[in-house]
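# Observations on the three-dimensional arrangement
So the chains spell out like this:
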Amino acid sequence: MIFDTHAHYDDEAFDRDREELLDSMKEQGVGRIVNACASIESLDRTRELMEKYPFLYGAIGIHPDDGEKVDERILEKIRLLSRHEKSVAIGEIGLDYYWHKEEKEHLLQQKIFRAQMDIAREEKLPFMIHSRDAAKDTLDIVREYVKAGMYGGIIHCFSYSKEIAREYLDMGLYLGIGGVVTFSNGKKLKEVVEYAPLSQLVLETDAPYLAPVPNRGKRNSSLNLPFVVQAIAEIKKIPPEEVEAVTWKNAAGLLHLPAAC
């Protein structure tokens, strides 16, 4: 069975067929999914999905793009929802400087990032990190928190160099690998996957985004993960079944879920 550690099934892209799609997961080999919050509105929608689907869990947090909307009330809502029996991580949190170029925006994102990392530490939960065009600042903050004592984490949709990957791997963290590893222009990620031990990789889709080849450009879902599994298997020269088994074990262990589905 496949473990999708990062998807967004609350997204409007699934409004037409969400129930039908999620109901089909187990029979098609997807055993567990973590729905990662992003917007403030996704907090409640993720709770609803967790409570409806036994195999679906939640990562609770606010994406850096929505950082300016986060206040003490929202942080308290994140904290309370993180205590839900099916909340397994704080995420998707981090830094994104791609659309946010101003220093004051960077400082605000860092403040909200730290506030949510504080919740992860205090609630004894792992974290799921989003980082785009913010390699150094993300690494510096994560290193600071891991040194102070955290409960593990995933660098979601890892997109940086092998040298930065080494820093995170040396901290005992996991790299989230999705559809980009199948792209013809995904050479950098292929190198990271070859370098990183399988014991520190987890599978993810970021659905509905980043569908793998041969479905690139279409709506993504967890049903596309066999293409990612196959790509990792080819890079590492191991059977696809080994990729599924080890990444399942990695995700279950990090998120404190039973090994058996």
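Keep in mind that what you see is a predicted model, and the values were worked out from it rather than measured.

Rules used in this analysis
Residues numbered from 1 in each chain as written. Predicted model: local features only at pLDDT ≥ 70, side-chain atom pairs only at ≥ 80, totals over all residues. Heavy atoms only, no water. Salt bridge = Lys/Arg side-chain N within 4 Å of Asp/Glu carboxyl O. Helix = DSSP H or I, 4+ residues; strand = E, 2+ residues; numbered from the N terminus. Expected span 1.5 Å × (residues − 1). Contact = heavy atoms within 4.5 Å. 1 Å grid on protein atoms, 1.4 Å probe; cavity = no way out; pocket = protein on both sides within 12 Å on 5 of 7 lines; lining within 4 Å. Points joined across faces, edges and corners; volume = space filled by probe spheres on them. Nonpolar A, V, L, I, M, F, W, Y, C, P; charged D, E, K, R; others polar. Axes fitted to C-alpha atoms, helices over the stretch in contact; angles between N-to-C directions. Parallel < 35°, antiparallel > 145°, perpendicular 65-115°, else oblique. Left-handed = near helix turned anticlockwise from the far one by under 90°. Pairing = 2+ DSSP bridges.

## Quick word on the pattern of salt bridges
Once the charged atoms of two side chains with opposite charge are near each other, the side chains can pair. What the rule picks out here adds up to 18 salt bridges. With its nearest N and O atoms 2.6 Å apart, the salt bridge here joins Asp-15 to Arg-18. Arg-83 is paired through a salt bridge with Glu-123; the nearest N and O atoms lie 2.9 Å apart. Here Arg-83 is found in the loop between helix 3 (72-82) and strand 4 (87-96), whereas its partner Glu-123 is found in the loop between helix 4 (103-122) and strand 5 (127-132), with 40 residues between them in sequence. One network of salt bridges, with partners in common, ties together Glu-76, Arg-79, Arg-83, Glu-122 and Glu-123.

## Side note on helix 5 (residues 135-148)
With 14 residues, helix 5 extends 20 Å between its outermost C-alpha atoms, agreeing within 8% with the 20 Å of an ideal straight helix rising 1.5 Å per residue. Buried residues in helix 5 make contact with strand 4, helix 4, strand 5 and helix 6 (162-170). Gly-149 sits one or two positions beyond helix 5 and adopts a positive phi of about 110°.

## Thoughts on the layout of surface pockets
A volume near 940 Å³ is recorded for the largest pocket. Elements that contribute at least two residues to the lining of the largest pocket include exactly helix 2 (41-52), strand 4, strand 5 and helix 7 (187-195). When grouped by side-chain class, the residues that make up the lining of the largest pocket number 10 nonpolar, 14 polar and 14 charged.

## Thoughts on unusual backbone geometry
Of note, the bond from Gly-91 into Glu-92 is cis; its omega dihedral lies within 30 degrees of zero at 10°. Its place among the elements puts Glu-92 in strand 4. Across the junction of Ala-207 and Pro-208, the peptide omega takes the value 15°, indicating a cis bond. Looking at the secondary structure, you find Pro-208 in the loop between strand 8 (201-203) and helix 8 (225-236).

## What to know about the packing of helix 6 against helix 7
In contact at an axis separation of 9 Å, helix 6 and helix 7 are set at 40° when each is read in the N-to-C sense. Taken together, the axis directions place helix 6 and helix 7 in an arrangement best described as oblique. In this structure, the crossing between helix 6 and helix 7 has a hand that is right-handed. Contacts from Lys-162, Ala-165, Arg-166 and Leu-169 in helix 6 reach Glu-191, Val-192 and Tyr-195 in helix 7. The class makeup of the residues in the contact of helix 6 with helix 7 is 4 nonpolar, no polar and 3 charged.

## With respect to the sheet that holds strand 8
In space, the 8 strands of this open sheet follow the order 1-2-3-4-5-6-7-8, with parallel pairing throughout. Of all strands in the sheet, those with a lone pairing partner are strand 1 (2-7) and strand 8, marking the two edges. Across the sheet, the mean angle from the axis of one strand to that of its neighbour is 30°, orientation sign disregarded. Here strand 7 (residues 174-177) pairs with strand 8 via 3 bridges, running parallel. Opposite Gly-176, over in strand 8, you have Val-202 as the bridge partner. Across the sheet, helix 5 lies against strand 4 and strand 5, angled at about 160° from strand 5, the strand it touches most. Running at roughly 155° to strand 8, helix 8 makes contact with strand 1, strand 7 and strand 8 of the sheet.

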